[in-house]
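Per-entry structural report
Single-letter residue listing:
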Amino acid sequence: MRILLAAILATVPAAAAMARESINCVGQNQAYLAHVTEPLEDTTRSYAQGAVRILILSAPEPACCGTAVAVLMPDPLDGARICRLLITDDEQGWGGMTFGPGAASDDPASGLRVPMTATVWEGEGFHKEPVTVFVDQATGRVHIR
């Protein structure tokens, strides 16, 4: 079984791209509500007086890299709630994601910055990498770097 899993994982492209713009959650398999990872206390956070919520999502496939990040926030045009999805450039996701280390910061000039740690698949195995989720409520732009 381990050999089979290793063979499957070896065919998955590296998911290391971190400077990624978000995409609309609508129509994305990774954005299903059932993929919100539990316990919710560990995988969801609210910011900006509750206006912004970040959720860690974990889809069952692909087995190595089904983790994505969803950002719920008000639409800067009409205030309706929108959802933005952060995944890797190959659209598979990360091996895992956690909040921290460190505290989030919210600067009116540059927006919300939330530190996270991504588990990244690099062809031969996983490694942890610090990343930052950037949320600009004024423009609706969300990206990860």
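Look a little higher up for the structure.
An account of the accompanying structure is given in this report. (Residues numbered from 1 in each chain as written. Predicted model: local features only at pLDDT ≥ 70, side-chain atom pairs only at ≥ 80, totals over all residues. Heavy atoms only, no water.)

A short note on the state of the cysteines
Stated precisely, the cut-off is as follows: For this text, the term disulfide refers to a pair of cysteine sulfurs within 2.5 Å. Secondary structure elements follow DSSP: runs of H or I of four or more residues count as helices, runs of E of two or more count as strands, with numbering from the N terminus.
For the structure on display, the rule yields two disulfides. Residue pairing for C25: its cysteine sulfur links by disulfide to C83, the two sulfurs lying 2.0 Å apart. Handedness of the C25-C83 disulfide follows from its S-S torsion of about -60°: it is left-handed. On the criterion of sequence distance, the pair formed by C25 in the loop between β2 (23–24) and α2 (40–43) and C83 in strand β6 (residues 81–86) is long-range, its members being 58 residues apart. The disulfide that involves C64 links it to C65, with 2.3 Å between the sulfurs. On the S-S bond that ties C64 to C65, the torsion sits near -105°, and the link is left-handed.

Let's talk about the nonpolar core
As a reminder, the rule being used: We define a nonpolar core as any set of buried Ala, Val, Leu, Ile, Met, Phe, Trp, Tyr and Cys residues linked to one another through side-chain atoms lying within 4.5 Å. Think of it in three bands: with a 1.4 Å probe and only protein chains considered, a residue is buried below 20% of the maximum accessible area for its type, exposed above 50%, and partly exposed in between.
Ranked by internal contacts, the top residues of the largest apolar core, which has 22 residues, are V52, I54, V71, M97, M116 and V133. Residue assignment for this core shows that the elements contributing at least two residues are β4 (52–58), β5 (67–74), β7 (96–99), β9 (111–121), β10 (126–136) and β11 (141–144). It is β9 that contributes the most residues to this core, five residues altogether. If you look at the next biggest cluster of nonpolar residues, it comprises nine residues, including C25, V36, L55 and L57.

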